Amino acid sequence: MKMQYLESDYDVCTTKIDNNDFTAIFSQKSGYIPRVAAVHDLCGYGKCSLGVAIPLLSAAGCDVCPVPTSLFSAHTKYEHFYMHDTTSMLESYLNAWEKEKVEVDAIYSGFLGDAEQVRTIQRLYTMFPHALRIVDPVMGDGGKSYPTYTKDLCCAMKELARDADILTPNLTEAAILTDTEYEGQSPSPEYVKHMLEALGLYHAKYTVLKGIETADGKIINFVANKDARIVKVSQEKLNVSLHGTGDLFASCILACCMNGKGIIRATEFAGNFVCKAIAITQKQPDWQMRGVSFESLLGDVTQLVL
């Protein structure tokens, strides 16, 4: 029988820290509205991806500049959906940005439909060398990669992860990125520590390993800096799986960071916000399919603005 670990069992993964180890990584000038290039798919129905990132980051005082990687009529949990791959237009899209001398302060990538789209993000990195880079490697869940993730795309995502300032994988994505066997959602503390050390080889300033489930009703997210100093952040566990919660979590982290908050505070805010959004979603009709509902909580996000 597989061991179920309590929250306290994971204390061995953490290290004693100084607050200076996890300081803010974006300094916002008073009155300035930062721009975020959001490289995600756009879904017509079922709240996820750009449908989450645009309103959430806008409420946090950011100017969101979408770079749509694909267009979906509805998210892929629906039996019937239409998908249009936008890869062929992205070079011309960025050419226009370059001619207009567009400036951005952060580059935030999520779901990608093709390995070539990684080149698009890397071009953005070249265009905006001083922009904050947050990579949410939306590759899979529950121990399996998504059907659209080919071997080439997984390799390209590993390459992209090496350039991140903030990397936010779940356990499945962490296993793929580190070529480690998936041990389930309640892995041993030793496994978690090994995983964080392996993810550290990507040299992100901060890595947030999210979604460890405990037997005492908690979800743990671990935050590690580039020096492998690790902090445990806990939240309430809700036995509900919803489309878009990963996008919401990563968007909350970026919203906090763009408002001068440190990564630990950002991770706490993100976990609590997702919990509240799940509770609201369950009150909606057809809630299992519609994606995560957070609109009535956006007032919490506007409080982040300095």
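Nothing here was measured: the structure is a model prediction, and the numbers come from that model.

What counts, and at which threshold
- Residues numbered from 1 in each chain as written.
- Predicted model: local features only at pLDDT ≥ 70, side-chain atom pairs only at ≥ 80, totals over all residues.
- Heavy atoms only, no water.
- Helix = DSSP H or I, 4+ residues; strand = E, 2+ residues; numbered from the N terminus.
- Expected span 1.5 Å × (residues − 1).
- Buried < 20%, exposed > 50% of the residue type's maximum accessible area, 1.4 Å probe, protein only.
- Contact = heavy atoms within 4.5 Å.
- UniProt positions renumbered as here; feature names shortened; annotations may be inferred.
- Phe/Tyr/Trp six-rings, centres within 6.5 Å; stacked < 30°, edge-to-face > 60°.
- Lys NZ or Arg CZ within 6 Å of the ring centre and 35° of its normal.
- Axes fitted to C-alpha atoms, helices over the stretch in contact; angles between N-to-C directions.
- Parallel < 35°, antiparallel > 145°, perpendicular 65-115°, else oblique.
- Left-handed = near helix turned anticlockwise from the far one by under 90°.
- Nonpolar A, V, L, I, M, F, W, Y, C, P; charged D, E, K, R; others polar.
- Salt bridge = Lys/Arg side-chain N within 4 Å of Asp/Glu carboxyl O.
- Pairing = 2+ DSSP bridges.

Chemist: Describe helix H7 (residues 245-257), listing the residues and the values that go with them.
Modeler: Between its first and last C-alpha atoms H7 spans 18 Å; for 13 residues at 1.5 Å apiece the expected length is 18 Å, and the two agree. Across the 13 residues that make up H7, a large majority, 12, are buried. Burial in H7 covers these residues: Thr 245, Asp 247, Leu 248, Phe 249, Ala 250, Ser 251, Cys 252, Ile 253, Leu 254, Ala 255, Cys 256 and Cys 257.

Chemist: Talk me through helix H4 (residues 151-161); I want residue IDs and the actual numbers.
Modeler: Among all positions in H4, only Leu 153, Cys 154, Ala 156, Met 157, Lys 158, Leu 160 and Ala 161 are buried. At its buried positions, H4 is contacted by strand E4 (106-109), helix H3 (116-127), strand E5 (132-135), strand E8 (166-167) and helix H5 (171-178).

Chemist: Describe the UniProt feature "domain: Pyridoxamine kinase/Phosphomethylpyrimidine kinase" (unreviewed entry) in the protein chain, and please don't skip the residues or the numbers.
Modeler: In this structure's numbering, the residues bearing the UniProt feature "domain: Pyridoxamine kinase/Phosphomethylpyrimidine kinase" (unreviewed entry) are residues 58-279. When the span residues 58-279 is considered, its composition is 39% helix and 23% strand, and the gap between its end C-alpha atoms is 23 Å.

Chemist: An account of the packing of aromatic side chains is needed here, citing residue identities and associated values.
Modeler: All told, the structure shown has 9 aromatic pairs when counted by the stated rule. Centre to centre, the rings of Tyr 93 and Trp 97 are 5.8 Å apart; their planes meet at 45°, and the pair counts as tilted. With a gap of 4 residues between them, Tyr 93 and Trp 97 both fall in helix H2 (residues 87-99), about one helical turn apart. Overall, Tyr 93 belongs to the partly exposed group, its relative accessible area being 25%. By relative accessible area, which is 13% here, Trp 97 ends up buried. Pairwise contacts between aromatic rings join Phe 72, Phe 81, Phe 111 and Tyr 149 into one cluster. Against the face of Tyr 125 rests Arg 133, its NZ or CZ located 4.1 Å from the ring centre.

Chemist: How would you sum up the packing of H5 against helix H6 (residues 189-199)? Please name residues and give values.
Modeler: Running from amino to carboxyl end, H5 crosses H6 at an angle of 55°, the nearest separation of the two axes being 10 Å. As judged from the angle between their axes, H5 and H6 are oblique. The element H5 and its partner H6 pack so that their crossing is left-handed. Where H5 approaches H6, its residues Leu 171, Ala 174, Ala 175, Leu 177 and Thr 178 are matched on the opposing element by Tyr 191, Met 195, Ala 198 and Leu 199. Broken down by class, the residue content of the contact of H5 with H6 amounts to 8 nonpolar, 1 polar and no charged.

Chemist: A description of the pattern of salt bridges should follow, citing residues and the corresponding values.
Modeler: Tallying each qualifying case throughout the model produces 13 salt bridges. With a shortest N-O distance of 2.7 Å, Arg 229 and Asp 21 are connected by a salt bridge. Pair noted here: Arg 229 is in the loop between strand E10 (218-225) and strand E11 (230-236) and Asp 21 is in the segment before strand E1 (35-45), with a separation of 208 residues, a long-range link. Among the residues examined, Asp 21 registers a relative accessible area of 22% and is labelled partly exposed. A salt bridge links Lys 276 to Asp 300; its shortest N-O distance comes to 2.7 Å. Here Lys 276, found in helix H8 (residues 263-281), pairs with Asp 300, found in helix H9 (residues 298-302); they are 24 residues apart in sequence, far enough to count as distant. Under the relative-accessibility criterion, Lys 276 is labelled partly exposed at 39%.

Chemist: Any chance you could break down the sheet that holds E4 for me, citing the residues and the numbers?
Modeler: The 9 strands are arranged E3-E2-E1-E4-E5-E8-E9-E10-E11 in an open sheet whose pairing can be described as mixed. If you trace the sheet from one side to the other, it starts and ends with strand E3 (83-85) and E11, each paired once. As judged from the 4 bridges shared by E1 and E4, these two strands associate in the parallel manner. Bridge pairing in E4 links Ala 38 to Tyr 108. Contacts from H7 reach E1, E4, E5, E8, strand E9 (206-213), E10 and E11, with the element oriented near 170° to E4.

Chemist: Before we move on, can you summarise the pairing of E9 with the specific residues and values?
Modeler: For a regular strand, side-chain orientation follows a simple rule: the groups alternate between the two sheet faces. E9 sits mainly inside the fold: 7 of its 8 residues count as buried. Looking at chain direction, E9 and E10 are connected through 6 bridges and run antiparallel. Paired with Tyr 206 across the bridge in E10 is Asn 225. Between E9 and E10, which pair antiparallel and follow one another directly, the connecting turn spans 4 residues, one of which, Gly 217, has a positive phi of 80°.

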